[in-house]
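Here's the letter readout for the chains.
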Amino acid sequence: MATTLSADSASATPAEHVRHRLPYENVLATIGWTPLIHLARVAKGIRTPLLGKADFFNPGGSVKDRIGLPMIEAHEAAGTLKPGGTIVEATSGNTGVGLAIAAALKGYRCIFTMPDKMSQEKVRLLKAFGAEVIITPTAVPPDHPQNYVQMAKRIVKETPGAVLAGQFENPANPAAHVATTGPEIWEQTQGRITHFVASAGTGGTITGVARYLKSKNPNIKIIAADPMGSVLAELWRSKGEGHPTGAPYKVEGVGQDCVPETLDMSVIDEFISVSDKDAFSMARRLTREEGIFVGGSAGLIAHAALNVARRLDDPEAMVVTFLCDTGERYLSKLYNDEWMRENQLLDAPQTSIADVLGNKDTSAAAIVSVTPGATVRQAIRLMALHDVSQVPVMDGTVCVGSVAESQLTTKSLADPKVLDHTVSDAMDQPFPIVESDQAVESVAKLLSKSNRAVLMRKDGIIQGIVTRYDVLEYLMHRS
């Protein structure tokens, strides 16, 4: 393929960019020059090369390590941050880590505000670096006093010697990516990149990388992946007109309810909206198929990038996506099947009603039935003998009605003569008939107090009966 990178491209890398040959002065020197990895397995069958910039290789586990030190140094240069001062920031977690690493070496105190939707792993990680973490409600407007950004600003005003790092407005944020991330991608792709796909939280990454790449080749397309519920995609499409209302979403660290100062919308050529389900599904695919353990934002961006690569279908193109952070921060969320099921984000394997029938006690008869001409007395004895609570009334191979032990017992106790009536006089409506391959979930919707069972049919023949209890028992054991 014409756009495949040279196999010996690593040996052609300038000596100053070859990693780990000599000791580093400190951990900050290890930030950047993260690997670019072919995502050949998730992109199997797609002719367009798809590569991922693996920024979770940074020492703090995310792309945000790149902006921590530059933002601090910008405040130091401006004289707003003095020795022994306090760094305050509103963060989804990763920027806080980047700041905390630099602050640990420089001796600054850190206070971070975080929305309550963020993972506990991030909270504990920030505290491990000695930071103070204040949790704020997610579902409040951007100008609400309890919003994590507004609360951070208030803490700065109330804390002597404190500064707001300001990832949403500090020009050092996108500048760091102009200086590092963009040049790395250009060199690693040997200038062959045609499409760059990233997302916008602060907008610093996509803005900085776009500015650098477009300075090298104005034809490079910049695509922003945005969570469904963020307002950024809608604002870009409407050219800033109107006041779109956002909605809650689960992906962390990307999307916004307003446009940050550090996001330059003019450098973006396209926005793609991605659902939580697609984002998390792709993150799990990257882990299981590529061995690349990433968070939900990386899954969101990779999902969009895969769609771009598929749409291009061009071996001469090259799509680079961004793998923002490590999946270790989301073990309690997107890598937790129980959490995924609770939030209706995990596709359970489809189970047919035949699986439920096969799960029943094999020593019991597949189906117990009575004829319309049988007496109520006979029907009650039959159900007691086989320890069942309801049976279909069958006229040959056709279900013409149903009877339940509880209803027949109630009627007989009220009037003993009912015992000698025929079943046809006392029966209720027939049970619904479902095909053997019908999904359990759809069958469950048919079951109610007035409709306590269904009959399963295969190849035109009734094979058995499945009750409300059978389905409930199966679902409980499957979970």
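What you see is a predicted model, and the numbers here were worked out from it, not measured in a lab. (Residues numbered from 1 in each chain as written. Predicted model: local features only at pLDDT ≥ 70, side-chain atom pairs only at ≥ 80, totals over all residues. Heavy atoms only, no water.)

### Regarding the UniProt feature "domain: CBS" (unreviewed entry) in the protein chain
Thinking step 1. Under the UniProt annotation, "domain: CBS" (unreviewed entry) lies at residues 366–413 and 430–476.
Thinking step 2. As annotated, residues 430–476 comprises 30% helix and 34% strand, and the C-alpha atoms at either end are separated by 27 Å. (UniProt positions renumbered as here; feature names shortened; annotations may be inferred. Helix = DSSP H or I, 4+ residues; strand = E, 2+ residues; numbered from the N terminus.)

### So, the pattern of salt bridges
Thinking step 1. Applying the stated criterion across every chain yields a total of 17 salt bridges.
Thinking step 2. The salt bridge involving Glu270 is made with Arg311; its shortest N-O contact spans 2.9 Å. Placement of the pair is Glu270 in strand 9 (residues 270–274) and Arg311 in helix 9 (residues 296–312), with a sequence separation of 41 residues.
Thinking step 3. One network of salt bridges, in which partners are shared, links Lys53, Asp55, Arg66 and Glu184. (Salt bridge = Lys/Arg side-chain N within 4 Å of Asp/Glu carboxyl O.)

### Quick word on the layout of surface pockets
Thinking step 1. In this structure, the largest pocket occupies an estimated 940 Å³ of space.
Thinking step 2. Taken together, 43 residues form the lining of the largest pocket, with Asn147, Tyr148, Tyr249, Gln256 and Asp257 sitting closest to its centre.
Thinking step 3. Those elements that provide at least two residues to the lining of the largest pocket are helix 2 (94–106) and helix 4 (148–158).
Thinking step 4. Examining the composition of the lining of the largest pocket, we find that four residues originate from one element, helix 4, more than from any other. (1 Å grid on protein atoms, 1.4 Å probe; cavity = no way out; pocket = protein on both sides within 12 Å on 5 of 7 lines; lining within 4 Å. Points joined across faces, edges and corners; volume = space filled by probe spheres on them.)

### Topic: the sheet that holds strand 2 (residues 50–54)
Thinking step 1. One open sheet accounts for six strands, arranged 1-2-10-7-8-9; its pairing is mixed. Looking at the sheet topology across the chains shown, the edges are occupied by strand 1 (36–38) and strand 9. Strand-to-strand twist in this sheet, taken as the mean axis angle between neighbours without regard to direction, amounts to 30°.
Thinking step 2. Across five bridges, the pairing between strand 2 and strand 10 (residues 319–323) is parallel. What sits directly across from Gly52, in strand 10, is Thr321. (Pairing = 2+ DSSP bridges. Axes fitted to C-alpha atoms, helices over the stretch in contact; angles between N-to-C directions.)

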